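# Structure at a glance
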Amino acid sequence: MIEAVGLTKRYGDKTAVYNLSFQVRPGAVTGFLGPNGSGKSTTMRMILGLDNPTAGHVTIGGYPYRRLPNAARQVGALLDAKAVHGGRSARSHLLSLAQLSGIPARRVDEVLGVVGLHEVARRRSKGFSLGMGQRLGIAAALLGDPQVLLFDEPVNGLDPEGILWVRNLMKSLAAEGRTVFVSSHLMSEMALTADHLIVIGRGQLLSDMSVKDFISANSADFARMRTPDTEPQQREKLSAALTEAGGSVLPEQDGALRVTGLPLPRLSDIAHEAGVRLWELSPHQASLEEAYMRMTQGVVDYRSTTDQKEGFQEPLPPGAQPPLPVPGQGQPGWYAPPPPQQGGQYVAAAPGTPHPYGAPGAPGGVPGAPVAPVANPYAQPGQGAAVAAPPSAAPAAAPAASPAAPAGPAGSDVTKPEEAR
Ligand SMILES: Nc1ncnc2c1ncn2[C@@H]1O[C@H](COP(=O)(O)OP(=O)(O)OP(=O)(O)O)[C@@H](O)[C@H]1O
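Description of the structure in this document. None of the values given here were measured: they were computed from a predicted structure.

Looking only at helices and strands, one finds 12 helices and 13 strands in the protein chain. The buried share of the protein chain, reckoned over its 421 residues, is 55%. Relative to all contacts within the protein chain whose residues are 6 or more apart in sequence, the contacts with residues 24 or more apart total 69%. Roughly 18500 Å² of accessible area belongs to the protein chain as shown, and the carbon and sulfur atoms make up 54% of that amount.

When you tally the buried positions in helix α1 (residues 40-47), you get 7 out of 8 residues, the bulk of the element. Those residues of α1 that fall on the buried side of the exposure criterion are K40, T42, T43, M44, R45, M46 and I47. In the segment just after α1, G49 is the residue with positive phi, at about 70°.

Moving on, we come to the site of the ligand. Near the ligand the following residues occur: Y11, K14, A16, P35, N36, G37, S38, G39, K40, S41, T42 and H185. One nitrogen or oxygen atom from the side chain of K40 is found 2.7 Å from an oxygen atom belonging to the ligand. Between an oxygen atom of the ligand and a side-chain N or O atom of T42, the distance comes to 2.5 Å. Across the complex, the protein chains shield 63% of the 640 Å² of accessible surface that the ligand would expose by itself. For the shell around the ligand, the leading source of residues is α1, giving 3 residues.

Inspection of the entire model under this criterion finds 3 aromatic pairs. For the pair F22 and F32, a centre-to-centre distance of 6.1 Å together with 45° between the ring planes defines the contact as tilted. Within this pair, whereas F22 is found in strand β2 (residues 14-24), its partner F32 is found in strand β3 (residues 28-33), the two being separated by 10 residues in sequence. F32 shares its class with F22; the two are buried. Members of the aromatic cluster, joined through ring pairs, are F22, F32 and F181. If you follow R135 out to its NZ or CZ, it ends over the ring of W165, 4.7 Å from the centre. Above the plane of the ring of F222 lies R258, whose end atom (NZ or CZ) is 3.7 Å from the centre.

Moving on, we come to the nonpolar core. Core analysis: the largest hydrophobic core is formed by 53 residues, its most contacted members being L94, I138, F151 and F214. With sequence-adjacent residues up to four places away left out, L94 is seen in contact with V108, V111, L112, L136, A139, A140 and L143. Residues I47, Y65, A77 and L205 belong to the second largest nonpolar core, which totals 28 residues.

Thresholds applied
- Counting restarts for each chain, with residues numbered from 1 along the sequence as it is written.
- Given that this is a predicted model, residues contribute local features only at a pLDDT of at least 70 and side-chain atom pairs are listed and counted only at 80 or more, while totals for whole chains, interfaces and linings are drawn from all residues.
- Hydrogens are left out, water is left out, and the side-chain values use all remaining heavy atoms of the structure.
- Only DSSP runs of H or I reaching four residues or more are called helices, and only runs of E reaching two or more are called strands; each is numbered from the N terminus.
- For each residue, the accessible area found with a 1.4 Å probe, counting protein chains only, is set against the maximum for its type, and the residue is called buried under 20%, exposed over 50%, and partly exposed in between.
- Any two residues whose heavy atoms approach within 4.5 Å are treated as being in contact.
- Each accessible area is a Shrake-Rupley result for a 1.4 Å probe, and residues are judged covered by the shown protein chains and nothing else.
- The criterion for a residue being near a molecule or strand is simple. One of its heavy atoms has to lie within 4 Å of it.
- We call two N or O atoms a polar contact when they sit within 3.5 Å, provided that within protein one can donate a hydrogen and the other can accept it, with sequence-adjacent residues counted only if both atoms are side-chain atoms.
- Geometry of aromatic contacts follows a simple scheme: Phe, Tyr and Trp rings, the Trp one being its six-membered ring, pair when their centres are within 6.5 Å, and the pair is stacked under 30 degrees between planes, edge-to-face over 60, tilted otherwise.
- Our definition puts a charge over a ring when NZ of Lys or CZ of Arg is within 6 Å of the ring centre and also within 35 degrees of the ring normal.
- Buried residues of nine kinds, namely Ala, Val, Leu, Ile, Met, Phe, Trp, Tyr and Cys, make up a nonpolar core once their side-chain atoms join them within 4.5 Å.

The values are spatial; any link to function lies outside them.
What follows is the structure, encoded as structure tokens:
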């Protein structure tokens, strides 16, 4: 199991990760999601002992990575598949990693077979495609037959067959009882691969729950209703009748109405009573992507000037300013009603699951466990209480200063400890 408690990382005045507490359990694929720059790679690097936390700590099987006995046999990681010595063949790259960790050469041939690179094993990796490079990185991660695996964007550059292969690989590794922690930006893929999700935004924990609970907590059922395109007055009539009945009605881009707040049979009755013909009445549940977009809408650092999500948002009244995003509270103004944890609750755990770090809203509150007494750089006046760390215990000591560069992560710079870069 991987356990992070009050994990915080600052680079100068930039806070990359703030007071992050979570557990990644064995026997499941845990997806690690967050917008660009939200701190996923930094977190993974701290898990692997490649960066020292500014505060808090993270352990694997109870040990900081650098104190793990025989770490390369226990933990495998793919962080940056491009960071390979291009002049070496795939086989000699893996052989050198294997030798460093006392892994027999026959295991190299085994993993080359597993990732499908056996036929190009003696080719220099600098001629490899993006997908082949990913496969080589995955082979490096699997080399020590580890119980704990971390993959940072493993499907990056893979074709559909490769993506399917990675999905099945992750699932089978988890089915063998291993701990599989995988970051990705591909929501549709995560929906198919992951059992559990940890979502961060601007370095802070936004959600820690199963994929199923995540979708239902961050979305709401809605119905689409469409009247004949040729009769716009029917649409107006229906819209008025639905609103009068207490429904919430918003236009979809294709001219349909998106309705929440009323059950489907009632919608049908209202249309019938209003004498409006329907071309469509369909129930919908948000996808993982929609749920994710809704949750992270307020914590995205980089966004196109052409906002693709425009059509999903309520139009603002003339002259009104968009509401300020609040980490952990989703985005005001979306069609779906607020998630259950809204109202200052910071982390929504799976229903019925006791929060491992104390009450939601007080992350880092494990009795006796060190938490980061670091001022929340994201706190806003009047909102800080929902996200600020309680300044209780002293910060944890940094991981032991005897870094053994992990053989697992496939990369040159990433295998160096922070101080050496
Ligand atoms: N070595 C560093 N020095 C300074 N800032 C850094 C360093 N590494 C990361 N950061 C900053 O920390 C923040 C988190 O970066 P990180 O790479 O962990 O995010 P990420 O979630 O992995 O992003 P992406 O999805 O784009 O890969 C970013 O603002 C980044 O610029």
